[in-house]
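Per-entry structural report
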Amino acid sequence: MSSLCIERRGLLPGGRIVRAFTVGVLSPGALAAIVMSSAVYAADNDDAPDVYFTMGVHNDFGCQPASKCLPQRQAGDPSDPQYPEYWISDWTMFRVFQNYANNPPPYTNPPATLSPQDYTVSYGTTYYDSTYRPADGDGEGAMMEHYHKYCLPIFPIENNEYSCSFVSLGNKAYFLTYPEDRPADMPECCLFSPQNHPPRRDFIKHLPYSANRSALLNGSVQAYALTLQGPEPILFGYAFNKALSPDAATGEWYRHPQSFYFSGDSQTAKAPIVSQNYTSFRKQWPQAADTWDKVGQMCTAQPLPKCQLFTYQEQQDNKALQAVPAKRGAGVWSDLKAPRLRPSGD
């Protein structure tokens, strides 16, 4: 996904890059500051919306003209795979905190190039429907990434051992937490971004093809990745299986997604590399009661608070907001801009 404010804008993993907090995938998609008291969730004093640069995956911010976010394919590159129009997939998430420099993703499940001491393991599920249309007519498509008992570690939060969900309905994206393990002072729902739609079925056209990364798993995958240059390089990548295989639900043959890999917050969350490896990817309709309906049930506060996930830890430690430190970590996306993008892995 996707997904990484003092002045807001920037890539959030399934994306996920931001230009102003102090954090990204790509989510894709994913992509995307919380404070200590309920007042912390009030709208920011500035009027700038939380719109994050995502290389065209979740919005068109920073992509004028559109070709700016459409890397050229070279002769001999494979054709771009696409998502099915709707699907569900469980995944295993690896938070890699050591020995990753010489063992880059994509990874097998579990990572064959690492030892179990190099990573932690958690789980989740993604739900996707490109045909969804929100009742307010603002955009199209729906996607929910649910993290079970361990939230997306792109935010500078020490303890991520809680369940969370990112839900994009049309153009709006929401962040949900749950009563059984919700951290202190987090709301059950906040607005993550007013412009963060689900990845389109052809989203991979926005990422450079990486021949070197595609060769890592014995040539079994098509890997795509870019690196955003900042105080530390920030990775946002995605891999599909090269060979076609039948869908578990429909029997349809296509190139299934293999993994979504990206830089997390390396300093506080200690997640320099994160990989979501898909399992049981199938063309199956998500049930609204389990997914999209949660937004209507949980996002009832008026006005709906903005998410402030990037300053949550500072506030929990009773620290005054300070200037961004010189070394911010791989998950910090605040000063990234489109012209600084380059292909990753080649």
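Below: a short report on this structure.

1. Observations concerning the state of the cysteines
Going through the model one piece at a time under the given rule, you end up with four disulfides. Through a disulfide, Cys63 is tied to Cys69; the S-S separation comes to 2.0 Å. What sets the handedness of the Cys63 and Cys69 disulfide is the S-S torsion sign, and at about -85 degrees it is left-handed. The buried category is assigned to Cys69, whose relative accessible area is 0%.

2. What to know about unusual backbone geometry
In this structure, Pro106 follows Pro105 across a cis peptide bond, with omega equal to 15 degrees. Residue placement: Pro106 occurs in the loop between strand S1 (86-96) and strand S2 (119-129). Residue Pro110 is bonded to the preceding Asn109 through a cis peptide linkage, with omega at 0 degrees. One can find Pro110 in the loop between S1 and S2. At Asn218, a residue that is not glycine, the phi angle is positive and equals roughly 55 degrees. With respect to the helices and strands, Asn218 occurs in the loop between helix H1 (211-214) and strand S7 (221-228). Positive phi is not limited to glycine here, since Ser280 has a value of about 50 degrees. As for its placement among the helices and strands, Ser280 is situated in strand S12 (residues 273-282). Here Ser280 falls in the partly exposed class, since its relative accessible area comes to 40%.

So, how was this worked out
- Residues numbered from 1 in each chain as written.
- Predicted model: local features only at pLDDT ≥ 70, side-chain atom pairs only at ≥ 80, totals over all residues.
- Heavy atoms only, no water.
- Disulfide = S-S within 2.5 Å.
- Buried < 20%, exposed > 50% of the residue type's maximum accessible area, 1.4 Å probe, protein only.
- Helix = DSSP H or I, 4+ residues; strand = E, 2+ residues; numbered from the N terminus.

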